[in-house]
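Examination of the molecular architecture
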Amino acid sequence: MVKKKMILSLVAAVSLSLGACGNSGGDQGEKKEDSKHMDHGSMNHSSSGEVPEGLKEAMNPAYEVGSKAIIKTDHMEGMNGAEGTISGAYDTTVYSISYTPEGGGEPVENHKWIIHEEIRDAPEEPFKAGDEVTVEASHMEGMEGTEAVIDTAEKTTVYMVDYTPEGGGEKVKNHKWVTESELEKAE
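This structure is a prediction, so every number in the text was calculated from the model and none was measured.

Concerning the pattern of salt bridges
By the definition in use, this model includes three salt bridges. In this structure, glutamate 136 and arginine 120 form a salt bridge, with 3.5 Å as the shortest nitrogen-oxygen distance. Here glutamate 136 is found in the loop between strand E5 (132–134) and strand E6 (147–163), whereas its partner arginine 120 is found in the loop between strand E4 (108–115) and E5, with 16 residues between them in sequence. For glutamate 136, a relative accessible area of 36% translates into the label partly exposed.

Listed below in structure tokens is the structure:
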């Protein structure tokens, strides 16, 4: 009985964590589901800065590596309005996806973002909305290896950014991914 309670507690904790990143409507006019908008304070959204094989650096990004930009999206709490430093700029196709985490948990809808190079056996041509794919990204627990449906696809420049959340908190390094339309020049 104790084992069952521990497992249920673990499943509940993982489920709450998984709903955290990517259920935002951002500035793109999409409806945000309040029941899925979670506190991200305890999650670590930093990465090593490693990028998938085959990802090409942007030749003429609007935001050069090392430059400052204001983040204009709310993938995570404290992100919208934070000043960031660009730590990487890459030309690719970016996708929002919906999936159920490996090992179970609440479905994640419209997670932003994964890139073309983070999809298993991705062909040269980009996927389109409605395509089913296997995710190789590990941005969130339970994401890697899961089957997902492409919600949106856009060829653009994506950025890794370092920032400190608005309102304080631990600095995030090499956050993957923010699109060009989600950034604004810092003054």
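Text resumes after the structure shown.
Looking at the packing of aromatic side chains
Within this structure, the stated rule accounts for three aromatic pairs. Between tyrosine 63 and tyrosine 159, the ring centres sit 5.7 Å apart and the planes meet at 85°, which makes this aromatic pair edge-to-face. Of this pair, tyrosine 63 sits in the loop between strand E1 (56–57) and strand E2 (68–71) while tyrosine 159 sits in strand E6, and the two are 96 residues apart along the sequence. Exposure class is identical for tyrosine 63 and tyrosine 159. Each is buried.

Things to note about the pairing of strand E7 (residues 172–179)
If a strand is regular, its side chains alternate between the two faces of the sheet. Here E7 lies mainly inside the structure; seven of its eight residues are buried. Bridge count for E6 against E7 is five bridges, and the pairing is antiparallel. Bridging across to E7, methionine 160 finds its partner in lysine 176.

Side note on the nonpolar core
By size, the foremost hydrophobic cluster in this structure holds 15 residues, and its most contacted members are Tyr63, Ile71, Ile86, Tyr159, Val161, Tyr163 and Leu183. Elements supplying a minimum of two residues to this core: E2, strand E3 (83–99), E6 and E7. With three residues, the top contributor of residues to this core is E6. When neighbours within four sequence positions are excluded, valine 161 is seen to be in contact with Ile71, Thr85, Ile86, Ser87, Val172, Lys173, Asn174, His175 and Val178. Within the second largest apolar cluster, 14 residues are counted, among which are Val135, Ala137, Met140 and Ile150.

Notes on the side chain of threonine 134
When you line up the elements, threonine 134 lands in strand E5. On the basis of relative accessibility, which here comes to 12%, the residue threonine 134 falls in the buried class. Looking at threonine 134, its side chain comes within polar contact range of the side chain of glutamate 147, at 2.7 Å. Not counting chain neighbours up to four residues away, the residues in contact with threonine 134 comprise Glu118, Ile119, Arg120, Gly145, Thr146 and Glu147.

Description of the side chain of asparagine 174
Inspection of the secondary structure puts asparagine 174 in strand E7. Here asparagine 174 falls in the buried class, since its relative accessible area comes to 13%. In contact with asparagine 174, other than residues within four places in its own chain, are Ser47, Ser48, Gly49, Ser87, Met160, Val161 and Asp162.

Rules of the game
- Residues numbered from 1 in each chain as written.
- Predicted model: local features only at pLDDT ≥ 70, side-chain atom pairs only at ≥ 80, totals over all residues.
- Heavy atoms only, no water.
- Salt bridge = Lys/Arg side-chain N within 4 Å of Asp/Glu carboxyl O.
- Helix = DSSP H or I, 4+ residues; strand = E, 2+ residues; numbered from the N terminus.
- Buried < 20%, exposed > 50% of the residue type's maximum accessible area, 1.4 Å probe, protein only.
- Phe/Tyr/Trp six-rings, centres within 6.5 Å; stacked < 30°, edge-to-face > 60°.
- Pairing = 2+ DSSP bridges.
- Core = buried A, V, L, I, M, F, W, Y, C linked by side-chain atoms within 4.5 Å.
- Contact = heavy atoms within 4.5 Å.
- Polar contact = N/O pair within 3.5 Å; in protein donor to acceptor, adjacent residues only side chain to side chain.

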